[in-house]
Amino acid sequence: MRDVRSRRRTTLAPAALALALALTGCGLGAGPAPKGVQLLVTNNFGTHVLGLSKAPDVKGQETVMSLLLRNHHVETRYGGAFVQAIEGLSGGHEGARPVDWFYYVNGVEAPKGAAATNVDAGDHIWWDRHDWSQTDSVPAVVGSFPEPFLNGIEGKRFPVRVECSSVGGYACRTVTERLRALGVPAAIAGLGSGGETETLRLLVAPWPKIGDDLTAESIARGPRASGVYARFSRGGGTLALLDADGTTVQTLGADAGLIAATRRDEGEDAPVWVVTGTDEAGTEAAARDFDAGALDDHFALAIDSGRAIPVPVEGTK
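In this report, we go over the structure that sits alongside the text. (Residues numbered from 1 in each chain as written. Predicted model: local features only at pLDDT ≥ 70, side-chain atom pairs only at ≥ 80, totals over all residues. Heavy atoms only, no water.)

Across its full length, the protein chain carries 8 helices and 19 strands. Counting across all 317 residues of the protein chain, residues that qualify as buried make up 55%. Sequence separation of at least 24 residues holds for 67% of the intrachain contacts in the protein chain that already meet a minimum separation of 6. (Helix = DSSP H or I, 4+ residues; strand = E, 2+ residues; numbered from the N terminus. Buried < 20%, exposed > 50% of the residue type's maximum accessible area, 1.4 Å probe, protein only. Contact = heavy atoms within 4.5 Å.)

Right, dumping it as structure tokens:
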């Protein structure tokens, strides 16, 4: 079987790997230690928190791997290039299901190996062990909010644009005001204002109005296409919530909302977030939960009758 880690955590050349491993005890050495770093370790799509440090031990210019090794008990494979276990919890299989460790920086699945990814100031680093039987790529998650809007991706802060079906409506105003309160200078525009690859876009509208966006439309095709374990019906009137097996566990109707993120090209495009719903009321419900308190540690979040539902949902097995 193809090892998912070979894609997510690129193998270093022997000399580079040896150097990286030699430096894991003291960071990369040169330069000041990045400030404002957070380190989260979870299991099962954020369901179980194994460790959260808002001030992890950081020394010098760290890589994601050296930071993890410094702050957690870690087992590696292939000469230290891949993470096999964190705090005794291993990748491999649970029953017939493949599970593994994946990591995200500021809510974006990293395209390079952990030993080749530097830690920048303000980075929120999240390691999660989960079932990848449906997809080995969840390109973006919402649970590191206010990232990536505040500190960007790979040390680069991106312009932020909130695209709304109703620029003066409650949902649009709420999302924009919360970003600006965090110091994010978000612009406002109508839907379909353009898809620049280096702009972080938030689409705020009922799903029937945004479902044909080139990036957002992948959500309707399920986790294999988008990494989001929820799927709107063709007309957008219902929202199916899936478990890790891709099985529909619950179907929501009127007034249901969803906050999720995805990405078309992990090497170039910035993530696209959706604050959406089956209708206007569902979109407003999603906007109300557009804050760190509701989104923390969740890959995506559905809202039904005022109840927040982490996505993917727990299965019936």
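We now examine the nonpolar core. L241 and L258 are the most contacted members of the largest nonpolar core, which has 35 residues in total. Among the secondary structure elements, those contributing two or more residues to this core are β7 (97–105), α5 (207–210), β13 (230–232), β14 (239–242), β16 (257–262), β17 (272–277), β18 (300–304) and β19 (307–311). Sorting elements by how many residues they give to this core places β14 first, with 4 residues. Once residues within four sequence positions are removed from consideration, L241 is found in contact with Y229, A230, T247, T248, V249, Q250, L252, A302, I309, V311 and V313. Of all hydrophobic cores here, the second largest spans 32 residues; its members include F145, V175, V275 and A286. (Core = buried A, V, L, I, M, F, W, Y, C linked by side-chain atoms within 4.5 Å.)

Summarising the element assignment, G168 is placed in the loop between β10 (160–164) and α4 (170–181). Residues G168 and I188, spaced 20 residues apart in sequence, show a C-alpha to C-alpha distance of 9.8 Å.

With that out of the way, let us pick up the sheet that holds β14. In space, the 3 strands of this open sheet follow the order β13-β14-β15, with antiparallel pairing throughout. Two strands in the sheet have a free side with no partner beyond their single neighbour: β13 and β15 (248–252). The sheet shows a mean angle of 20° between the axes of neighbouring strands, taken without regard to direction. Note that β13 and β14 share 3 bridges and pair antiparallel. Opposite F232, over in β14, you have L239 as the bridge partner. (Pairing = 2+ DSSP bridges. Axes fitted to C-alpha atoms, helices over the stretch in contact; angles between N-to-C directions.)

To continue, consider helix α7 (residues 280–288). Along α7, the positions that sit buried rather than exposed are G282, T283, A285, A286 and A287. Contacts from the buried residues of α7 go to α4, β12 (200–204), β16, β17 and β18. A side-chain oxygen of the first residue of α7 lies 3.4 Å from the backbone nitrogen of A281; this N-cap is D279. (Polar contact = N/O pair within 3.5 Å; in protein donor to acceptor, adjacent residues only side chain to side chain.)

Packing of α4 against α7 leaves a shortest axis separation of 8 Å and a crossing angle of 15°. Compared by their axis directions, α4 and α7 come out roughly parallel. Crossing geometry of α4 relative to α7 is assigned as left-handed. Residues Y170, A171, T174, V175 and R178 of α4 pack against T283, E284, A287 and R288 of α7. When grouped by side-chain class, the residues that make up the contact of α4 with α7 number 4 nonpolar, 2 polar and 3 charged. (Parallel < 35°, antiparallel > 145°, perpendicular 65-115°, else oblique. Left-handed = near helix turned anticlockwise from the far one by under 90°. Nonpolar A, V, L, I, M, F, W, Y, C, P; charged D, E, K, R; others polar.)

This part is about helix α3 (residues 64–71). In terms of burial, α3 is a largely internal element, 6 of the 8 residues being buried. Where α3 is buried, its residues touch β1 (38–43), β3 (74–77), β4 (82–86), β7 and β9 (124–131).

What follows covers the pattern of salt bridges. Under the criterion given, the structure shown has 10 salt bridges. The partner of E163 in a salt bridge is R161, with the nearest N and O atoms 2.9 Å apart. Note on accessibility: E163 and R161 belong to one class, buried. A salt bridge links R201 to E163, with the shortest nitrogen-to-oxygen separation between them at 2.9 Å. Here the residue R201 occupies a position in strand β12, and E163 occupies one in strand β10, the gap between them amounting to 38 residues. Each member of the pair R201 and E163 is classed as buried. (Salt bridge = Lys/Arg side-chain N within 4 Å of Asp/Glu carboxyl O.)

For the structure shown, the criterion picks out 13 aromatic pairs. Plain terms: the ring middles of F145 and F149 are 6.2 Å apart, the flat faces sit at 65° to each other, and that makes the pair edge-to-face. Here F145 matches F149 in class, with each residue buried. Ring centres 4.6 Å apart and planes at 5° place the aromatic pair W207 and F232 in the stacked group. Taken together, the residues span a long stretch of sequence, with W207 in helix α5 and F232 in strand β13 at a distance of 25 residues. Each member of the pair, W207 as well as F232, is classed as buried. (Phe/Tyr/Trp six-rings, centres within 6.5 Å; stacked < 30°, edge-to-face > 60°.)

Keep in mind these values describe shape, not function.
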